[in-house]
Amino acid sequence: MSALKDKLKADLTASLKSRDEVRLRTIRMALAAVNVEEVAGKAARQLSDDEIVKVLTKEAKKRREAAEAFRGAGRTEQADAELAEQAVLEEYLPAQLSDEELRKLVDEAVAETGASDPQAMGQVMKVVNPKVAGRAEGGRVAAAVRARLSS
């Protein structure tokens, strides 16, 4: 079993004992999402830590989007609950890149590919995505690449 999944299970037990409801339901949801991903496809398999990070990133994004929708509908209590769950999930994710770090990675990728116009965005994304790997949201990376290539 992966170290991250072990940590999630240990934290589930700890939150159960401490009666931390937000952490408990969030970790349960995260483990359920990991289990669903493990049995998806033709054969069940164990996910690596990198694959678990991708699942947790997807779940954190769902929480952020749900919070925005709830806030837009004037349901601040539900929005706050979603943001609390997102905060718990982010504890298990790698630290997010700052704008400056992301800009530096994009500049390196542009130099590496020799891209000069927006049509080469796919080539740059192909180079920069593995370097970013879970430390920045895809839309944010795409926006940085687009801004760099159109300047």
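Sequence order sets the numbering: in each chain, residues are counted from 1 along the sequence as written. Confidence filtering applies because this is a predicted model: local features only for residues at pLDDT of at least 70, side-chain atom pairs given and counted only at 80 or more, and all residues used for totals across whole chains, interfaces and linings. Derived side-chain values reflect all non-hydrogen atoms in the structure, with water molecules and hydrogen atoms excluded from consideration.

As annotated in an unreviewed UniProt entry, the protein carries the name GatB/YqeY domain-containing protein and is attributed to Nonomuraea muscovyensis.

What makes a salt bridge here is a side-chain nitrogen of Lys or Arg within 4 Å of a carboxyl oxygen of Asp or Glu, nothing more. Scanning the model with the defined rule gives 16 salt bridges in all. Between Glu-85 and Arg-25 there is a salt bridge, with its nearest N and O atoms 2.6 Å apart. Of the two residues, Glu-85 sits in helix H4 (residues 76-90) while Arg-25 sits in helix H2 (residues 21-39), which places them 60 residues apart along the sequence. Note on classification: 1.4 Å probe, protein chains only; a residue is buried when its accessible area is under 20% of the maximum for its type, exposed when over 50%, partly exposed between these limits. The class of Glu-85 is buried, set by a relative accessible area of 11%. The salt bridge involving Arg-140 is made with Asp-99; its shortest N-O contact spans 3.0 Å. Under the DSSP-based scheme used, a helix requires at least four consecutive residues in state H or I and a strand at least two consecutive residues in state E, with every element numbered from the N terminus.

Another point: unusual backbone geometry. Residues other than glycine seldom take positive phi values, yet Arg-19 does so here, at roughly 60°. Within the secondary structure, Arg-19 sits in the loop between helix H1 (3-18) and H2.

This part is about the layout of surface pockets. A probe matching the size of a water molecule, rolled over the atoms, marks out where space remains unfilled. Space inside the largest pocket adds up to approximately 250 Å³. In terms of lining residues, the largest pocket is bounded by 14 residues, among which Thr-57, Gly-134, Ala-136, Glu-137 and Gly-138 are the most central. Listed by contribution, the elements that provide at least two residues to the lining of the largest pocket are helix H3 (49-72), helix H6 (121-132) and helix H7 (138-150). The dominant element in the lining of the largest pocket, judged by the number of residues it contributes, is H3, at 3 residues. Residue classes follow a fixed rule: Ala, Val, Leu, Ile, Met, Phe, Trp, Tyr, Cys and Pro count as nonpolar, while Asp, Glu, Lys and Arg count as charged, and any other residue, Gly among them, counts as polar. Residues of the lining of the largest pocket, tallied by class, amount to 6 nonpolar, 5 polar and 3 charged. Taken together, domain 1 (3-91) and domain 2 (99-150) each give at least three residues to the lining of the largest pocket, which thus spans both. Points on a 1 Å grid over protein atoms alone make up a cavity when a 1.4 Å probe fits among them but cannot get out, and a pocket when they form an open set with protein on both sides within 12 Å along at least five of seven lines; lining residues each have an atom within 4 Å of a point. Grid points are joined across faces, edges and corners, and a volume is the space filled by probe spheres set on the points. What the second largest pocket holds in volume is close to 160 Å³. A domain assignment, automatic or from a database, supplies the domain bounds used here.

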